[in-house]
Amino acid sequence: MAKRGHHYNDLNGPYFDAQYAYQYADPKPTHVSRREIEVAVDDGECEIAVGLPAITRNLQDKYVAALPAEERRRLRSIARVRAEAVTRARRIVAKYGRGQ
């Protein structure tokens, strides 16, 4: 993220930055700002560049099999929601470009 002009202390920085900006905005924004879109796109691209999605999948594959059936069902539900978020994120990148 620093190479793209964003300086955060940890991986959660972009999320907390957006959350706090919205939480303390008065009046509340009615649309997503260009800056927020750029940070989100840059964050996602940085995660992909360092291989975070693949690392996450590998860890999930390794440990999910050991969970009770009910927990695996819950995780499948979460995975469906995440897959939809990724699909939406791809649409945003296609529409607004690739950030900085």
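Residues numbered from 1 in each chain as written. Predicted model: local features only at pLDDT ≥ 70, side-chain atom pairs only at ≥ 80, totals over all residues. Heavy atoms only, no water.

**Some points on the packing of helix H1 (residues 13–23) against helix H2 (residues 34–49)**
At step 1: At their nearest, the axes of H1 and H2 sit 10 Å apart, and the two run at 165 degrees to each other. With respect to each other, H1 and H2 are oriented roughly antiparallel. Handedness of the crossing formed by H1 with H2: left-handed. Contact with H1, carried on its side by Pro-14, Tyr-15, Asp-17 and Ala-18, involves Arg-35, Glu-36, Val-39, Asp-43 and Glu-47 of H2 and no other residues of that element.
At step 2: Taken together, the residues of the contact of H1 with H2 sort by class into four nonpolar, no polar and five charged. (Axes fitted to C-alpha atoms, helices over the stretch in contact; angles between N-to-C directions. Helix = DSSP H or I, 4+ residues; strand = E, 2+ residues; numbered from the N terminus. Parallel < 35°, antiparallel > 145°, perpendicular 65-115°, else oblique. Left-handed = near helix turned anticlockwise from the far one by under 90°. Contact = heavy atoms within 4.5 Å. Nonpolar A, V, L, I, M, F, W, Y, C, P; charged D, E, K, R; others polar.)

**Some details on the side chain of Asp-43**
At step 1: Within the secondary structure, Asp-43 is located in helix H2.
At step 2: The side chain of Asp-43 sits in the buried core without any salt bridge; Arg-4 is the nearest counter-charge, 8.9 Å away.
At step 3: Setting aside its immediate chain neighbours within four residues, Asp-43 contacts Met-1, Pro-14 and Tyr-15. (Buried < 20%, exposed > 50% of the residue type's maximum accessible area, 1.4 Å probe, protein only. Lys, Arg positive; Asp, Glu negative; His and termini not counted. Salt bridge = Lys/Arg side-chain N within 4 Å of Asp/Glu carboxyl O.)

**Looking at the pattern of salt bridges**
At step 1: The full count for this structure, using the stated rule, is eight salt bridges.
At step 2: A salt bridge links Arg-4 to Asp-42; the nearest nitrogen and oxygen atoms lie 3.1 Å apart. Here the residue Arg-4 occupies a position in the segment before H1, and Asp-42 occupies one in helix H2, the gap between them amounting to 38 residues.
At step 3: On the basis of relative accessible area, Arg-4 is assigned to the partly exposed category, the value being 23%.
At step 4: Overall, Asp-42 belongs to the buried group, its relative accessible area being 0%.

**What to know about the packing of aromatic side chains**
At step 1: Summed over the entire model, instances satisfying the criterion amount to one aromatic pair.
At step 2: With a centroid separation of 6.1 Å and an interplanar angle of 15 degrees, the aromatic rings of Phe-16 and Tyr-20 are classed as stacked. Of the two residues, Phe-16 and Tyr-20 both sit in helix H1, four residues apart, roughly one turn of that helix.
At step 3: Above the plane of the ring of Tyr-22 lies Lys-28, whose end atom (NZ or CZ) is 5.2 Å from the centre. (Phe/Tyr/Trp six-rings, centres within 6.5 Å; stacked < 30°, edge-to-face > 60°. Lys NZ or Arg CZ within 6 Å of the ring centre and 35° of its normal.)

**Remarks on unusual backbone geometry**
At step 1: Between Asp-26 and the following residue, Pro-27, the backbone shows a cis peptide bond with an omega angle of 5 degrees.
At step 2: Residue position: Pro-27 is located in the loop between H1 and H2.

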